[in-house]
Amino acid sequence: MDYVVGDVQGCFDSLQALLKKINFNKDRDRIYFLGDVINRGNKSLETLRFIHSFKDNMKMVLGNHDFHLLVCALTDRKPNKKDTFLEILNTHDKQSLLDYLLNRPLVIEYGNALLVHAGIPPQWDKSEVMKNAEIVHQKLRANDPKEFLSKMYGNEPSIWTNELGIDENCRYTINALMRMRFCKENGELEFDHKLDVDQNPIGFKAWFLHEKRLLKETEIYFGHWSTLNNVVTKNIFALDHGCVWGESLTAFNLSTKEYTSQQSIESR
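All residue numbers refer to positions counted from 1 along the written sequence of the respective chain. Per-residue local features of the predicted model are confined to residues with pLDDT of at least 70, and side-chain atom pairs are confined, for both listing and counting, to 80 or more; whole-chain, interface and lining totals are unaffected and use all residues. For side-chain calculations, the full set of non-hydrogen atoms in the structure is used, while hydrogens and water are omitted.

**Points about the sheet that holds strand β10 (residues 236–238)**
Pairing is mixed in the open sheet, where four strands are placed in the order β4-β5-β9-β10. Both edges of this open sheet fall to β4 (107–110) and β10, since each of them pairs with a single strand only. Sheet twist, expressed as the mean angle between neighbouring strand axes with direction ignored, is 20°. We treat two strands as partners when DSSP finds at least two bridges between them. Strands here are runs of E lasting at least two residues and helices are runs of H or I lasting at least four, both read from the DSSP assignment and numbered beginning at the N terminus. Sheet analysis places strand β5 (residues 113–116) next to strand β9 (residues 220–222), joined by two bridges and oriented parallel. Across the sheet, the residue bridging to Leu 115 is Tyr 221, located in β9. Contacts are assigned to residue pairs with any non-hydrogen atoms lying within 4.5 Å of each other. For helices, the axis comes from a line fit to the C-alpha atoms of the stretch in contact; other axes are also lines fit to C-alpha atoms, and the angle between any two N-to-C directions lies between 0 and 180 degrees. Packing of helix α6 (residues 126–140) onto the sheet brings it into contact with β4 and β5, and relative to β4 it is tilted by some 135°.

Next up, the structure:
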């Protein structure tokens, strides 16, 4: 069986309970994680090591917290007070874990579906998504990604154009695929609000609610937005169910289309 799992965020015990619930078998099953496997929870190191150890049948896309770890590990940026991944920065196998993350894609194609951490800008078709994600992926896999990573923080450019330089192209792509919630129909990004879907800032909508979105007929599985549990939109599967905030961790069976959820153990 193939499963998609939402944001783990270092909730290792909940992840183990969820895998037991779905009877995960390493010789039979595959798990696709939607990014943010680390940070905020208390067992980021254990979680990342576990996923890395099963790399043949556990796949993941990069989320903003995973990307933040890479930036803090490989540039001069310091972790902030809320970060809980310091053990990873000090462990003996740090380099192999960082190399693993550097080699993760921003988007995974699964049949006709797309797996991504935050979402897909309305104005991009599948070829545009994969092309721009691959540009970032190649930059991360360079011999020394420090310079690249050091230039990738910031909210600009907020609008995509074909005239963007390579750094601006990559920054927009990272922000859209890893951080986006609300945007305009032309893909203009907005990062000041983390509201529920029906409390959109003026002029903006949740990225998946734009009527002229080019990928309306493509199934998209994503995490990042933990207040979307009850959103019902065709071909949209929101799988961050707020485990790190005391809610649940969810696996979606890609064959049977069934959800399996595990109430957060860490919050007890």
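Picking up where we left off.
**So, the state of the cysteines**
Any cysteine sulfur atom paired with another within 2.5 Å is treated as part of a disulfide. All chains considered together, the criterion is met by zero disulfides. You can see Cys 72 has no disulfide; the closest cysteine sulfur is in Cys 11, sitting 19 Å from it. The structure places no disulfide on Cys 243, whose sulfur is separated from the nearest cysteine sulfur, that of Cys 11, by 3.8 Å. A simple rule labels every residue: compare its accessible area, found with a 1.4 Å probe on the protein chains alone, to the largest value its type can have, and call it buried under 20%, exposed over 50%, or partly exposed in between. Taking relative accessible area as the criterion, Cys 243 reaches 1% and is therefore assigned buried.

**Remarks on the environment of Asp 27**
Looking at where Asp 27 falls in the secondary structure, it is placed in the loop between α1 (12–21) and β2 (30–33). For Asp 27, a relative accessible area of 68% gives the class exposed. Sequence separation between Asp 27 and Asp 56 is 29 residues, and the spatial gap between their C-alpha atoms is 9.9 Å.

**So, the pattern of salt bridges**
Salt bridges, as used here, are contacts in which a Lys or Arg side-chain nitrogen is within 4 Å of a carboxyl oxygen on Asp or Glu. For the structure shown, the criterion picks out 13 salt bridges. When the shortest N-O distance is used, the salt bridge between Glu 188 and Lys 184 registers 3.5 Å. Take Glu 188: its relative accessible area is 18%, and that puts it in the buried class. Salt-bridge contacts for Lys 234 lead to Glu 217; the nearest nitrogen and oxygen are separated by 3.1 Å.

**Some thoughts on the pairing of β5**
Alternating positions in β5 separate into two faces, Ala 113 and Leu 115 on one and Leu 114 and Val 116 on the other, with burial throughout. Judged from the four bridges that link them, β4 and β5 form a sheet pairing that is antiparallel. Within β5, the residue paired with Glu 109 across the bridge is Leu 114. The hairpin turn running from β4 into β5, its antiparallel successor, is two residues long, and Gly 111 in that turn takes a positive phi close to 60°.

**Describing α6**
The span expected for a helix works out to 1.5 Å for each residue beyond the first. Compared with an ideal rise of 1.5 Å per residue, which puts 15 residues at 21 Å, α6 spans 21 Å between its outermost C-alpha atoms and is within 8% of the ideal. Taken together, the buried positions of α6 are occupied by Glu 128, Val 129, Asn 132, Ala 133, Val 136, His 137 and Leu 140. Viewed end-on, α6 has its buried residues packed into an arc of 165°, placing them on one side of the element. Contacts from the buried residues of α6 go to α3 (64–74), α5 (94–102), β4, α7 (146–150) and α8 (166–179). The reported arc concerns the directions from the helix axis to the C-beta atoms and nothing else.

**Details of α8**
Taking 1.5 Å per residue as the helical rise, α8 with its 14 residues ought to reach 20 Å, and the 19 Å between its terminal C-alpha atoms agrees with that figure. With eleven of 14 residues buried, α8 lies mostly within the body of the structure. Taken as a whole, α8 has its buried residues at Asp 167, Asn 169, Cys 170, Arg 171, Tyr 172, Thr 173, Ile 174, Asn 175, Ala 176, Leu 177 and Met 178. Turning to α8, the residues buried within the fold contact α3, β4, β5, α6, α7 and β7 (189–190).

**Focus: the pairing of β2**
Look at any regular strand and the pattern is simple: side chains alternate between the two faces of the sheet. Across four bridges, strand β1 (residues 2–5) lies against β2 in parallel orientation. From the neighbouring strand, Tyr 3 faces β2, where its bridge partner is Ile 31. Pairing of β2 with strand β3 (residues 58–60), which is carried by three bridges, proceeds in the parallel orientation. Looking at β3, one finds that Ile 31 is bridged to Met 58. With its strands directed away from the observer, a crossover is right-handed exactly when the path from the first strand over the helix to the second travels clockwise. Note on the crossover from β2 through helix α2 (residues 44–53) to β3: the handedness is right-handed.

**Overview of the nonpolar core**
Within soluble globular proteins, side chains that are nonpolar generally end up buried alongside one another. Here, nonpolar core means buried Ala, Val, Leu, Ile, Met, Phe, Trp, Tyr and Cys residues that are tied together by side-chain atoms lying within 4.5 Å of each other. Ranked by internal contacts, the top residues of the largest apolar core, which has 76 residues, are Phe 33, Leu 106 and Ile 120. Counting residues in each nonpolar core, the second largest holds twelve residues, with Val 4, Tyr 32, Ala 113 and Leu 254 among its members.

**Regarding unusual backbone geometry**
A negative phi holds for most residues other than glycine; trans holds for most peptide bonds. A cis amide bond, omega 0°, links Glu 156 with the succeeding residue Pro 157. Counting through the fold element by element, Pro 157 comes out in the loop between α7 and α8. Phi angles above zero are rare outside glycine, and Asp 36 is one such case at about 50°. Mapped onto the elements of the fold, Asp 36 is located in the loop between β2 and α2. Residues other than glycine seldom take positive phi values, yet Arg 40 does so here, at roughly 80°. The residue Arg 40 is located in the loop between β2 and α2 in this model.

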